[in-house]
Amino acid sequence: MTNHANPMHRHHLAILSAAFLTALAIPASSAAEMPAPVNAPLALPSGFTAVVVAHIPKARELAVLPNGDLLVGTAGADVMIVPGADDAGAAEAPATFGHFDDHAAGGVQAAGVTFANDTVYVGTQFGVWRIPYTPGDRVAKSQRKIASVRTSGVQSDHVTTSVAVAKGTVYASVGSSCNVCDPELDATRATIQMMKPDGSDLHPKAVRIRNAIALTTNPNTGTLWAGVAGQDELEAGHPYEIFDAVTAHSGTADYGWPVCYEDRKPVKSGTDCSNVVVPRVVMRAYMTPIGAAIYPKDVAGPYAFPAKYRGGAFVAVHGSWHRPLVAPRVLFVPMNGDEPVTPVKWSDPTAQWSEFFTGFTQEDGPTKARPTGVAVSAKGTMFVADDAAGVVYRIRPTR
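The sections below set out a description of the structure shown in this document.

### Thoughts on the pairing of strand β16 (residues 214-217)
- Across four bridges, β16 lies against strand β17 (residues 224-228) in antiparallel orientation. Its bridge partner being in β17, leucine 215 is matched across the sheet by alanine 226.
- If you look at the hairpin formed by β16 and β17, you'll find six residues sitting between the two strands, and glycine 222 has a positive phi there, around 80 degrees.

In structure tokens form, the structure reads like this:
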């Protein structure tokens, strides 16, 4: 496993559940000092600690509400809420915020969730939903489907829809229906769709983008970024997974899948890749970026990360089924605005990032935990979801 972090500056964590902390009346900040049964040897850089703030099966994307409550998308029909997730102590028990049932075939996958402008947006397998939010709401008082995706109605391969809001525009990423599909089942597949807040004027911002599941907005610039899982069955170690500033490209961004990849490389000779987007950040093949958050530069809350992390991107990579297995982890990419501090090095897909949250599994070993969604609160707390262990971690500096 590639590891750019100095092991002398990392520490393994005893990850404690919120219920355990409450029962012992132990504040969250004491978690790293207390023993607890835990399967995965999770680790963070020295100076950070983590606790399990909620147990939610198949937890996926995350959104922090202004009052510190946390919304959690799931690989089911419910979006959950964790009241008080950003409080100093233990959070309240998770509860259902909204139930989404938009297709007779089932398999709703209410995995995508974001918050902007007093509105919650949810991405399900076949739609994007809008929910007005009043501070303190713990249940969706009304919910309206504003756009349809996967309009063929077919459940196939990538079935989750991630959502984000950037500069007042709503974006929804829709994955491909198979590894290499040409043509696709419908025009929304393998795209990032953009729309007005009411769902009108739906059209693609990015096309031929296989599965842009790690969708996030840079709070420092307003730019939409996407982490994208690449196709299978190319030469060993390729294609690199990518993380790119989608709205930094004018017009409709063409990412070239399935005939072009990486630095405008054609899958077959004779293919014209000259107009294909070149990504700003790359990662090893099969890492599978699945969630991301860019840390605010101006955060002033009590749990603000040290200055070197501010403005940088945290990307949760889920791993894959390929052998040897690629270990899940959360990566850190230093950035200046929308430019990575280290430019792409096409000979080395590990050059731009370091490991931040590790220990979810060993390469080619049993998977015990896999990070998914990432979100940062106004107080500076980072939350990371884990769909394999069915938990949400709360990460804070120990100072």
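### Overview of the nonpolar core
- Membership of the largest hydrophobic core comes to 28 residues, with the highest contact counts inside it found for Phe305, Phe314, Phe356, Phe357, Met382, Tyr393 and Ile395.
- Contributions of two or more residues to this core are made by β3 (48-55), β23 (289-294), β24 (313-317), β25 (329-333), β28 (354-357), β29 (371-376), β30 (382-386) and β31 (391-397).
- Methionine 382 has contacts with Tyr295, Phe305, Phe314, Phe356, Val374, Ala375, Val376, Tyr393, Arg394 and Ile395, leaving out every residue within four places of it along the chain.

### Here we look at the sheet that holds strand β7 (residues 95-99)
- Strands sit in the order β4-β5-β6-β7 across an open sheet of four strands; the sheet is antiparallel. A single partner strand is all that each edge strand has here, and the edge strands are β4 (59-64) and β7. Recorded for the sheet is a direction-independent mean angle of 30 degrees between the axes of neighbouring strands.
- The pairing of strand β6 (residues 78-82) with β7 spans four bridges and is antiparallel. Bridge pairing links aspartate 78 to histidine 99 in β7.

### Let's talk about the state of the cysteines
- Scanning the entire structure with this criterion turns up two disulfides.
- The side chain of cysteine 178 participates in a disulfide bridge whose partner is cysteine 181; the two sulfur atoms lie 1.9 Å from each other.
- On the basis of relative accessible area, cysteine 178 is assigned to the partly exposed category, the value being 27%.
- With relative accessibility at 7%, the residue cysteine 181 sits in the buried group.
- Covalent S-S linkage joins cysteine 260 and cysteine 273, the inter-sulfur distance amounting to 2.0 Å. Note on the cysteine 260 and cysteine 273 pair: the S-S dihedral is about -85 degrees, so by sign convention the disulfide is left-handed. Here cysteine 260 is found in strand β20 (residues 260-261), whereas its partner cysteine 273 is found in the loop between β21 (265-266) and β22 (281-283), with 13 residues between them in sequence. The pair formed by cysteine 260 and cysteine 273 is uniform in burial state, with each residue classed as buried.
- Cysteine pairing for the protein chain, with bonded cysteines counted in sequence order: 1-2, 3-4.

### Some thoughts on the sheet that holds β28
- Strand order in the open sheet made by the four strands is β23-β24-β25-β28, with antiparallel pairing throughout. Edge positions in the open sheet fall to β23 and β28, since each of these has one partner strand only. Neighbour-to-neighbour, the strand axes of the sheet open up by a mean angle of 30 degrees, direction not taken into account.
- Of the strand pairs in this sheet, β25 and β28 are connected by three bridges, and their pairing is antiparallel. By the bridge assignment for β28, leucine 331 is matched with glutamate 355.

### Considerations on the pairing of β31
- Burial of β31 is extensive: seven of the seven residues sit out of reach of the surface.
- Alignment of β3 against β31, held across seven bridges, turns out to be antiparallel. Across the sheet, residue phenylalanine 48 finds its bridge partner in β31, namely proline 397.
- Bridge count for β30 against β31 is five bridges, and the pairing is antiparallel. When the sheet's bridge partners are listed, valine 384 is paired in β31 with tyrosine 393.
- Counting the residues that bridge the hairpin from β30 to β31 gives four residues, and of these glycine 390 lies at a positive phi of roughly 70 degrees.

About the criteria used
- Residues numbered from 1 in each chain as written.
- Predicted model: local features only at pLDDT ≥ 70, side-chain atom pairs only at ≥ 80, totals over all residues.
- Heavy atoms only, no water.
- Pairing = 2+ DSSP bridges.
- Helix = DSSP H or I, 4+ residues; strand = E, 2+ residues; numbered from the N terminus.
- Core = buried A, V, L, I, M, F, W, Y, C linked by side-chain atoms within 4.5 Å.
- Buried < 20%, exposed > 50% of the residue type's maximum accessible area, 1.4 Å probe, protein only.
- Contact = heavy atoms within 4.5 Å.
- Axes fitted to C-alpha atoms, helices over the stretch in contact; angles between N-to-C directions.
- Disulfide = S-S within 2.5 Å.

Shape descriptors only; they carry no functional weight alone.
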